[in-house]
Amino acid sequence: MDVNGTVAEGFEPVREAFAANFTRLGERGAAVAVYRDGHRVVNLWAGTRDIDGTAPWEPGTAQIVRSATKGVAAAALLLLHQRGELDLDAPVGTYWPEFKAAGKDRTRVWHLLAHRAGVPVLDRPLTPAEAADPDLGAAAVAAQAPVWEPGTDHGYHAQTYSWLTGELLRRVTGRPVGEWVAEEIAGPAGADLWLGLPEAERARAGRVGRAETPETAGGLKIRPKRAVAEAYADPDSLTRRAFAAITPLPDENDPGYRAAALPASNGIATADGLARIYAALIGEVDGGTRLFTPDTIELARTERSAGPDRVLVTGTRFGLGYMLHGAASPLLSPGSFGHPGRGGALAFADPESGIAFGYVTNGFRTSVTADPRAQALVRAVRAALA
């Protein structure tokens with residue numbers, strides 16, 4: 001496998017791990033980017049741009065990154081708080097009165113970000129076309145009765161996070177979430193990331209699909225825990241219902257779906273775009289924009305939810321909109337914060353080391369959190385810093 005791109009001196013282990021993902025872990029096409037103290041130190045790509053094609057991956061190839069853009073939606077709400085426009089402790093209904101329905105009147109803004117709102121499911125799932133309509137999505141989640149008392153427990157809001165965060169931002173700013181992110185986050189950071197892929201950028205986005213999971217990797221068997229597998233197989237479980245809040249599953253290669261702004265599931269980005277945004281959250285990028293103040297960084301990564309996750313059926317840790325370092329989602333260090341995308345993608349920042357990381361792939365696996373390919377790259381970054 002020919003690996004393209006560059007690595008700074010000392011980061012050669014990342015190139016080695018990236019190449020090994022293709023030979024040992026069945027990678028089809030992927031890219032990884034790493035920034036340190038606002039400067040790019042890793043920029044690698046290899047394989048094909050399409051999971052089912054032969055055209056080579058190019059420097060600007062983008063892919064759908066699923067939940068990796070949950071962290072970008074979180075950044076939008078935290079920036080509104082940083083600017084004094086959003087009170088994280090206020091009831092959601094202060095900004096979105098319809099959300100008070102069905103026993104949700106005491107749900108706080110921070111509950112949405114920490115996956116404590118109790119509405120990971122929809123009693124009537126939305127079709128892909130309905131899900132793409134922000135008015136229908138917002139109305140559905142506003143009318144939904146919580147499955148636990150908001151604030152008392154946590155469970156991953158796999159799909160509903162799109163409308164929870166997107167509608168709250170729209171109520172506060174009057175602007176659609178995709179437009180706001182483009183103008184206030186991706187644009188200032190110089191990042192190739194979109195919530196709602198513009199027609200002019202369609203040709204840059206590769207086709208994604210399912211990648212077979214190898215039986216072993218380095219002698220270790222790769223398989224989900226029995227309880228997790230059973231939860232996904234049970235149509236009545238919160239796990240299955242949360243991911244099925246959009247039913248049937250959308251065609252992630254459909255231009256119409258990609259044009260929708262669903263920050264829980266359909267953001268499209270390059271690896272460099274993800275890494276640049278996280279680099280901008282924690283410092284200046286190439287001497288330019290910084291997005292978060294030190295206080296906002298601490299808000300983002302201060303633990304708000306921890307322990308058994310009622311949806312993912314494993315122990316998870318969340319700050320305000322971000323997964324935190326832990327057994328279920330290992331990041332670079334205990335101070336890291338970020339978000340994976342189900343089946344592959346990963347983006348995070350580590351303020352202490354100044355590292356920002358972005359990885360995208362066109363081959364999705366069944367994992368939600370700790371994809372072996374992304375984890376191999378994280379370990380390589382850790383080794384480079386040792």
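Everything below is about the structure shown above.
Residues numbered from 1 in each chain as written. Predicted model: local features only at pLDDT ≥ 70, side-chain atom pairs only at ≥ 80, totals over all residues. Heavy atoms only, no water.

K.L.:
Lay out the environment of Pro-120 in plain terms, naming residues and giving numbers.
P.N.:
Tracing the chain through its elements places Pro-120 in the loop between α3 (109-113) and α4 (128-131). Residues Pro-120 and Leu-44, 76 residues apart in the sequence, show an inter-C-alpha distance of 36 Å. If we ignore the near neighbours within four places in the chain, the residues touching Pro-120 are Val-147, Trp-148, Tyr-156, His-157, Thr-160, Ala-242 and Val-311. (Helix = DSSP H or I, 4+ residues; strand = E, 2+ residues; numbered from the N terminus. Contact = heavy atoms within 4.5 Å.)

K.L.:
Just give me the short version of the layout of surface pockets, but keep the residues and values in it.
P.N.:
Roughly 200 Å³ of internal volume is contained in the second largest pocket. What lines the second largest pocket is a set of 15 residues, and nearest its centre among them are Pro-134, Gly-166, Glu-167, Val-177 and Ala-261. Elements supplying a minimum of two residues to the lining of the second largest pocket: α5 (134-143), α6 (161-173) and α7 (177-189). Element by element, the count of residues in the lining of the second largest pocket is highest for α6, at five residues. (1 Å grid on protein atoms, 1.4 Å probe; cavity = no way out; pocket = protein on both sides within 12 Å on 5 of 7 lines; lining within 4 Å. Points joined across faces, edges and corners; volume = space filled by probe spheres on them.)

K.L.:
Let's hear about the environment of Glu-352: which residues, and what values?
P.N.:
Looking at the secondary structure, you find Glu-352 in the loop between β14 (346-350) and β15 (355-361). Note on Glu-352: relative accessible area 56%, which makes it exposed. As for Glu-352 and Ala-20, which are separated by 332 residues in sequence, their C-alpha atoms are 28 Å apart. When sequence neighbours within four positions are dropped, the list of residues in contact with Glu-352 reads Arg-301 and Gly-335. (Buried < 20%, exposed > 50% of the residue type's maximum accessible area, 1.4 Å probe, protein only.)

In short, shape yes, function no, at least from these values alone.
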